[in-house]
Amino acid sequence: GEQLVVDGVFEEKNEKGKVVSKRKYKQRIGLNEKGTIEVVKNHVIETNFTCPACGKKILETDNAYYCEGRSDKSCNVYLGKVTSGVELKQADIDLILSGSDSSVIKKLVPMAKDGKKGKPYDAILFIDKEKRCLSRKFPSKETSYSCPVCNAVLRDAGGRLICSNIDNGSCSFQMYSTMYKKPIAKAKLEKMIEQVRSGEISGGADAYITKGVVDTP
């Protein structure tokens, strides 16, 4: 019979029964054989997208897109139509499910387990092909600083300065530009950069931040 999609609100409660968070979602309802209204479950349609991470089909519900590989846990790709409190534009959804980066999504709101909302932030959403899940990265802007390793422009990524050549993999230098939630003074940053360039501080691209194993005495 005819079906209708309506707005619903999911309430998450703590152990004491207090509502700690609310989340809007779409609920599909319809008439059953008896002529009474009931919730329509498992409404799933197949899309034209294939998963950027594993190549399986992307399925769509009223609230999300997900890889069919989630059924056997071979893939974790899941994209909510509303992510971190923001209703995603179809253009961004298409980019993400095509394996590209979204545009900058503004005012995403992190939610803690206790239901408390964090500070809104801007981010770019994409499918991490190695981890097989939705991931995010933070937009950056060019600065007047140059990389002490390769001389490329350093970009401000919100609390960090990152070499612009990180995109092509030729340089991985990065350093913190804030300390204890306060910006490091420009003169201090320039000195820290020059210390790496001159060799006074060793390590090159890994002088301040490294993902590798560090030997300790």
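For clarity, every value in this text was computed on a predicted model and none was experimentally measured. Note on numbering: residues in each chain are counted from 1, in written sequence order. Two thresholds apply to this predicted model, a pLDDT of at least 70 for residue-level local features and 80 or more for giving and counting side-chain atom pairs, whereas whole-chain, interface and lining totals are computed over all residues. Side-chain descriptors were evaluated using all non-hydrogen atoms of the structure, hydrogens and water having been removed beforehand.

Engineer: Would you take a moment to explain the pairing of strand S12 (residues 133–137) for this structure?
Structural biologist: Regular strands place side chains that alternate from one sheet face to the opposite one. Note: two strands are recorded as paired if DSSP finds a minimum of 2 bridges between them. Secondary structure elements follow DSSP: runs of H or I no shorter than four residues count as helices, runs of E no shorter than two count as strands, and numbering proceeds from the N terminus. With 5 bridges connecting them, strand S11 (residues 121–128) and S12 associate as antiparallel partners. Paired with Ile127 across the bridge in S12 is Leu134. Between the antiparallel neighbours S11 and S12 lie 4 residues, among them Arg132 with a positive phi of about 55 degrees.

Engineer: Looking at this structure, I do not really get the pairing of strand S13 (residues 141–146). What am I missing?
Structural biologist: Sheet topology note: the S13/strand S14 (residues 153–156) ladder contains 3 bridges and is antiparallel. Looking at S14, one finds that Lys141 is bridged to Asp156. The hairpin formed by S13 and S14 contains 6 residues between the paired strands, and Asn151 there has a positive phi angle of roughly 70 degrees.

Engineer: Please clarify how the sheet that holds S12 should be interpreted in this entry.
Structural biologist: Think of a sheet as strands paired side by side through backbone hydrogen bonds, with each pair either parallel or antiparallel. Overall, antiparallel pairing links the 3 strands, which are arranged S10-S11-S12 in an open sheet. Each end of this open sheet is capped by a strand with a single partner; those strands are strand S10 (104–108) and S12. Ignoring which end each strand starts from, the neighbouring axes of this sheet average 45 degrees apart. Each axis is a line fitted through C-alpha atoms, and for a helix only the stretch in contact is used; angles between axes span 0 to 180 degrees, taken between their N-to-C directions.

Engineer: I'm lost on the sheet that holds strand S7 (residues 78–80) in this one. Help?
Structural biologist: Within the open sheet, the 4 strands sit side by side as S4-S5-S6-S7. Their pairing is antiparallel. Strands at the two margins of the open sheet, each flanked by one partner only, are strand S4 (45–50) and S7. Pairwise comparison of adjacent strand axes, ignoring direction, gives a mean angle of 25 degrees for this sheet. Relative to S7, strand S6 (residues 64–67) runs antiparallel, the two being bridged by 3 bridges. For Tyr65, the partnering residue across the bridge sits in S7 and is Leu79.

Engineer: When you look at the nonpolar core in this model, what are you seeing that I'm missing?
Structural biologist: In a soluble, globular protein the nonpolar side chains are often hidden away together inside. We call a set of buried residues a nonpolar core when its members are Ala, Val, Leu, Ile, Met, Phe, Trp, Tyr or Cys and they connect through side-chain atoms within 4.5 Å of each other. Relative accessibility thresholds used throughout: buried, under 20% of the residue-type maximum; exposed, over 50%; partly exposed, between the two (1.4 Å probe, protein chains only). Cys51, Ile58, Val77, Leu79 and Leu125 are the most contacted members of the largest nonpolar core, which totals 19 residues. The set of elements that each furnish at least two residues to this core consists of S6, helix H1 (90–97), S10 and S11. Setting aside residues no more than four positions away along its own chain, Leu79 makes contact with Ala64, Tyr65, Leu88, Ile93, Ile96, Leu97 and Leu134. We call two residues in contact when some of their heavy atoms are within 4.5 Å.

Engineer: Sorry, what's going on with H1 here?
Structural biologist: The periodicity of an α-helix, 3.6 residues per turn, causes residues three or four places apart in sequence to face the same way. Of all the residues in H1, the buried ones are Asp92, Ile93, Ile96 and Leu97. The buried residues of H1 all sit within an arc of 125 degrees when viewed along its axis, so they share a single face. Just downstream of H1 lies Gly99, where phi reads positive at about 90 degrees. The directions considered for the arc are those from the helix axis to the C-beta atoms.

Engineer: How do you make sense of the confidence of the model for the protein when you look at a structure like this?
Structural biologist: Across the protein, pLDDT averages 86, with 91% of residues at or above 70. Each residue gets a pLDDT score, which is the predictor's confidence in that residue and runs from 0 to 100. When the criterion is pLDDT under 50, residues 213–217 qualifies, and its contacts beyond four places in sequence or with other chains add up to 0 contacts.

Engineer: Whenever I open this one, the packing of aromatic side chains confuses me. Can you help?
Structural biologist: One pair of aromatic rings is described through two measures. These are the centre distance and the angle between the planes. What counts as a ring pair is set by centres within 6.5 Å for rings of Phe, Tyr and Trp (its six-membered ring), and what kind of pair is set by the plane angle: stacked under 30 degrees, edge-to-face over 60, tilted for all other angles. Counted by the stated rule, this structure contains 1 aromatic pair. Note on Phe173 and Tyr208: the rings are 6.4 Å apart at their centroids and 65 degrees apart in plane angle, and the pair reads as edge-to-face. Placement of the pair is Phe173 in the loop between strand S15 (160–163) and strand S16 (174–176) and Tyr208 in the segment after helix H2 (186–198), with a sequence separation of 35 residues. Here, a charge over a ring is recorded when the distance from Lys NZ or Arg CZ to the ring centre is within 6 Å and its angle to the ring normal is within 35 degrees. Just above the ring of Phe126 sits the side chain of Lys137; from NZ or CZ to the centre is 5.1 Å.

Engineer: Explain H2 here, please?
Structural biologist: Over its 13 residues, H2 runs 18 Å from end to end, which matches the ideal 18 Å to within 8%, given 1.5 Å per residue. Taken as a whole, H2 has its buried residues at Leu189, Met192, Ile193, Gln195 and Val196. Taken around the axis of H2, the buried residues stretch over an arc of 155 degrees, which confines them to a single face. Those residues of H2 that are exposed and angled more than 90 degrees off the buried face are Ala187 and Lys191. On its buried face, H2 sits against S13, S14, S15 and S16. Residue count minus one, scaled by 1.5 Å, sets the expected span of a helix.

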